Amino acid sequence: MRPKDLKTKIFLDGGDPGETREIIRLMGFLDGQTTNPTLISKNPEARKKLENGEKFSKEEILDFYRNVVKEISGLIPQGSISIEVYAVSSTKADEMLKQGREMFSWIPNGHIKFPSAREGLKAAEKAVKDGMRINMTLCFTQQQAAAVYAATRGAKRGDVFVSPFIGRLDDREENGMDLIAHILKMYQRGDGHVEVLTASVRNIDHLLYAFKLGSDIITAPFKVLREWVERGLTVPGNEYVYNPRGLKPIPYENVDITRNWEEFDIYHDLTVKGMEKFSSDWDSLIRKT
Ligand code: E4P
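Remember, it's a predicted structure, so these values are computed and weren't measured experimentally.

Enquirer: Describe the sheet that holds strand β2 (residues 32-34), naming the residues involved and giving the relevant values.
Expert: Sheets are built from strands that pair by backbone hydrogen bonding, the pairs being arranged parallel or antiparallel. Pairing is parallel around the closed barrel formed by eight strands, whose spatial order is β1-β2-β3-β4-β5-β6-β7-β8. For this sheet the average axis-to-axis angle between neighbouring strands, irrespective of direction, equals 30°. Where strand β1 (residues 9-13) lies against strand β8 (residues 217-220), four bridges are found, and the strand directions are parallel. Along β8, the bridge assignment pairs Leu 12 with Ala 220.

Enquirer: Now, about unusual backbone geometry: what can you tell me, with residues and values included?
Expert: Excluding glycine, residues mostly carry a negative phi; peptide bonds, for their part, are mostly trans. The backbone of Glu 173 shows a phi angle near 70°, a positive value even though the residue is not glycine. Along the polypeptide, Glu 173 turns up in the loop between α8 (166-171) and α9 (176-187). In this model, Leu 233 sits at a positive phi of 50°, which is unusual for a non-glycine residue. Secondary-structure assignment places Leu 233 in the loop between α11 (222-230) and α12 (269-283). With relative accessibility at 12%, the residue Leu 233 sits in the buried group.

What counts, and at which threshold
Residue positions are given per chain, counting from 1 as you read along its sequence in written order. Per-residue local features of the predicted model are confined to residues with pLDDT of at least 70, and side-chain atom pairs are confined, for both listing and counting, to 80 or more; whole-chain, interface and lining totals are unaffected and use all residues. Hydrogens and water molecules were not included; the side-chain quantities draw on all heavy atoms of the structure. Two strands qualify as a pair provided that DSSP identifies no fewer than 2 bridges between them. Numbering goes from the N terminus for both helices and strands, where a helix is a DSSP run of H or I of at least four residues and a strand is a run of E of at least two. To get an axis, fit a line to the C-alpha atoms, keeping to the stretch in contact for a helix; angles then go from 0 to 180 degrees between the N-to-C directions. Here the term buried applies to any residue with accessible area under 20% of the maximum for its type, exposed to any over 50%, and partly exposed to those in between, with areas from a 1.4 Å probe on protein chains only.

So, to be careful, I would describe these as geometric facts and stop short of saying anything about function.
Take a look at the structure:
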């Protein structure tokens, strides 16, 4: 059962509905799920197909993604399921939007993931005007989060998530959890229409500290959520202190979120690398014809 003192919504980060079923059984609740091309490429059915020397056609892989998402949606009908568009650095906003519209029609409770890059933000600006729910992925800086806020001004709370990727910052010795604290602080001066979704979670301390910071949502892999279950679904009190284990602090930036989104410094190399990795994992599932 959901702990009474838990304010943060809990999402599963994964592409296997079997895990969704199991984590609901273990936790007794689940508020949503995030998927991405890499996670879909790790789905056991997809793996099996590849191990048998088979691949998908472009149409088959989209059908497969849709079926996975539909199955998850049926398991968490009251929750949110994030579905990611295919984008490389040269993908234009209109192409992302086209894919997003199609994916949004798959289930009644989807959020469409666009990258926190210039074209992704252009797509986001139009998408929210069209009434689409979105999750801005691959966010690594306050400036990117400020751009998400500004590009989606006017959207209602619940329709826009921003996903700062903390584990990938940790991987390069920067304290990713600082970014969560900073974005939450920066957004305090706003109208609250963007929810902060802590993503790229690697361990239980990321989870516990995200609770303490007041992250609106956290998405965590199955093994992290299972460990939380084993620890009795505890929510830490004020005595909890996060240990950054020697990671370099990320300084707070005074960013004015009332500016136009185009004025922010949106580029981050990890966003570009992340798009490359997602698209190459997706491509690895598709046969060349
Ligand atoms: C979820 O929305 C993200 O795509 C996911 O958390 C990324 O995690 P990773 O950095 O472990 O790939």
